[in-house]
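# Notes for the structure review
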Amino acid sequence: MVNRKGVFIGAYVPNELKESLRRRAAAEHRTLSQEITRILTEAVHGRSLPPGSIDRRSPDSGPRRRNSDPLPRRRAYDVPYGTPEGVTSDH
């Protein structure tokens, strides 16, 4: 038997609700238990923000590079800023 950390909470729910939760969990590649835990966590603590949505920069830091880069912006396939000496570009 698996050693689980947590508390079992028993509740009677209608079969159609259980099946809806099971299908939703399967669509998200989660177990029914994981889906119920996620729903309860959101209900108690509020909805979690998606990764990358929190700006962790300090308030006094400069603007993001995207805001300060002049147009046209450089791309990965562009010619590099400085070419090594003795190398010519075929572009």
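Residues numbered from 1 in each chain as written. Predicted model: local features only at pLDDT ≥ 70, side-chain atom pairs only at ≥ 80, totals over all residues. Heavy atoms only, no water.

### With respect to the side chain of Glu35
The residue Glu35 is located in helix H2 (residues 32-45) in this model. A relative accessible area of 0% places Glu35 in the buried class. The residues contacting Glu35, other than those within four sequence positions of it, are Leu21, Arg24, Ala25 and Arg30. (Helix = DSSP H or I, 4+ residues; strand = E, 2+ residues; numbered from the N terminus. Buried < 20%, exposed > 50% of the residue type's maximum accessible area, 1.4 Å probe, protein only. Contact = heavy atoms within 4.5 Å.)

### Side note on H2
Because each turn of an α-helix spans 3.6 residues, side chains separated by three or four positions in sequence point in the same direction. Taking 1.5 Å of rise per residue, the 14 residues of H2 would be expected to cover 20 Å, and the 20 Å separating its terminal C-alpha atoms lies within 8% of that figure. Immediately downstream of H2, the backbone of Gly46 shows phi near 95°, a positive value. (Expected span 1.5 Å × (residues − 1).)

### Section: the environment of Ile36
Within the fold, Ile36 resides in helix H2. Given the relative accessible area of 35%, Ile36 is considered partly exposed. Along the primary structure Ile36 and Leu21 are separated by 15 residues, whereas in three dimensions their C-alpha atoms are 7.8 Å apart.

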